[in-house]
Amino acid sequence: MSPAVGAATLASRRSSRFVAWVRAWRAGLVPYDEIADEIAGDEEHLVADAPGTWTDVPLRDALPSLSKLSPDEIRLALPAAGDPRGLPGPGPFAGAALVAGEAVIARGLGLIPEVRSHTSGSGVTFETVLWRVYPLPGNAADAALVGPHPAEAEAELAAALAEATATLTRLDVAHWRPELSGALAALRRPDSATDLPPGFDPRARRLFARASVLDRVLALAEHVAPGGAVNGYEAQQRDAALRPLTTACRRALVAACNAPLRP
């Protein structure tokens with residue numbers, strides 16, 4: 001597996017992991033002691049403006065503020081310009097969520113991850129994640145309840161992927177971005193290393209795994225600059241092909257992470 005394909009397979013949005021693991025915790029399917037580590041992985045995660053705190057605190061210390069919520073009160077939103085679905089309405093939280101492209105809605109609280117890069121004295125660059133908490137109306141999670149069922153999202157994603165792959169093949173994407181072509185090939189495999197915690201059914205797991213890989217593929221595509229073999233028209237065609245796929249991918253991640261949990 002190439003480094004690009006490996007990165008594509010393992011990457012997932014921080015808000016999607018937050019929602020999936022916190023929902024599983026609130027459903028009694030995973031212990032509290034595991035949640036912070038599962039969300040953060042190898043990163044340092046802090047929380048700003050958590051209820052009852054006066055300074056930034058480690059993620060583990062802020063999670064108890066969600067201990068009285070049911071799983072269905074914790075929802076993922078992946079808004080984009082022109083598509084604010086899942087957000088409770090205009091305001092500071094909605095504006096920040098649109099900039100970040102992701103958010104967590106937990107009844108009266110909204111959380112948005114801010115990624116900060118740091119360079120150590122020895123020149124090593126590393127990242128920390130600050131979850132900023134916003135107060136929301138008590139019914140804020142209701143807006144995030146409106147979304148596709150996993151079965152609907154899976155069909156939509158498959159159709160968008162087939163159409164986009166055909167277009168990118170015609171544009172000879174492999175000639176000017178081999179790693180993007182390789183990552184697309186990885187999507188055709190039935191499994192990936194990305195998974196959800198206990199409680200999610202096989203369809204949600206399959207949908208989350210595929211959409212997480214695709215999310216990274218699309219991030220790679222956004223950084224492709226037209227070279228000598230790609231003219232402006234071809235670049236526009238590529239962007240047009242990826243646009244509906246990007247929407248389908250976001251909807252798939254939301255549907256998978258917000259899917260009903262089963263013991």
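Quick caveat, the model's predicted, so the values are computed rather than measured. Counting restarts for each chain: residues are numbered from 1 in the order of the written sequence. The predicted nature of this model means local features are confined to residues of pLDDT at least 70 and side-chain atom pairs, given and counted, to a pLDDT of 80 or more, with totals for whole chains, interfaces and linings taken over all residues. For the side-chain quantities, the full set of heavy atoms in the structure was used; hydrogens and water were omitted.

Undergrad: Help me understand the pattern of salt bridges, please; the structure alone is not making it clear to me.
TA: Proximity of charged atoms lets side chains of opposite charge pair with each other. Salt bridges are defined by distance alone: a side-chain nitrogen of Lys or Arg within 4 Å of a carboxyl oxygen of Asp or Glu. Per the counting criterion, the structure on display carries 19 salt bridges. The residue E127 makes a salt bridge to R14 at a minimum N-O spacing of 3.5 Å. Of this pair, E127 sits in strand β6 (residues 125-135) while R14 sits in helix α2 (residues 14-26), and the two are 113 residues apart along the sequence. A relative accessible area of 38% places E127 in the partly exposed class. Between buried and exposed lies partly exposed: a residue is buried under 20% and exposed over 50% of the maximum accessible area for its type, with that area taken using a 1.4 Å probe on protein chains only. Given the relative accessible area of 21%, R14 is considered partly exposed. Between R85 and D83 there is a salt bridge, and its shortest N-O distance comes to 2.7 Å. Each of D49, E114, R116 and R132 takes part in a single network of salt bridges with overlapping partners. Numbered from the N terminus, helices here are DSSP runs of H or I no shorter than four residues, and strands are runs of E no shorter than two.

Undergrad: Help me understand the pairing of strand β3 (residues 74-77) in this model?
TA: Regular strands place their side chains on alternate faces of the sheet. The side-chain alternation of β3 yields two buried faces, one formed by I74 and L76 and the other by R75 and A77. The pairing criterion is simple: DSSP has to find at least two bridges between the two strands. Relative to strand β4 (residues 103-106), β3 runs antiparallel, the two sharing 4 bridges. Paired with A77 across the bridge in β4 is A103.

Undergrad: Honestly, the environment of A103 in this entry has me stumped. Any pointers?
TA: Tracing the backbone through its elements, the reader meets A103 in strand β4. Here the alpha-carbon distance between A103 and A77, two residues 26 residues apart in the chain, equals 5.2 Å. Contact criterion: two residues are considered in contact whenever any of their non-hydrogen atoms come within 4.5 Å of each other. Every residue in contact with A103, bar those within four places of it in the chain, is listed here: S15, R75, L76, A77, F93, A97, L111 and I112.

Undergrad: What am I meant to see in the environment of Y32 here?
TA: Note that Y32 resides in helix α3 (residues 32-40). For Y32 and W21, which are 11 residues apart along the polypeptide, the C-alpha to C-alpha distance reads 9.7 Å. Ignoring sequence-local partners within four residues, the contact set of Y32 consists of W25, R60, L63 and P64.

Undergrad: Mind showing me how you'd approach the packing of aromatic side chains here?
TA: The geometry of two aromatic rings is summed up by the distance between their centres and the angle between their planes. For this analysis, a ring pair means two rings from Phe, Tyr or Trp (six-membered ring only for Trp) whose centres lie within 6.5 Å, classed as stacked if their planes differ by under 30 degrees, edge-to-face if by over 60, and tilted for the remaining angles. All told, the structure shown has 3 aromatic pairs when counted by the stated rule. With centroids separated by 4.7 Å and ring planes inclined at 45°, the aromatic side chains of F18 and W131 adopt a geometry described as tilted. With a gap of 113 residues between them, F18 in helix α2 and W131 in strand β6 connect regions that are remote in the sequence. Here the two residues F18 and W131 agree in accessibility, since each one is buried. By definition, being over a ring means that NZ of Lys or CZ of Arg is both within 6 Å of the ring centre and within 35 degrees of the ring normal. Note that R26 overlies the ring of W25, its terminal NZ or CZ placed 4.9 Å from the centroid.

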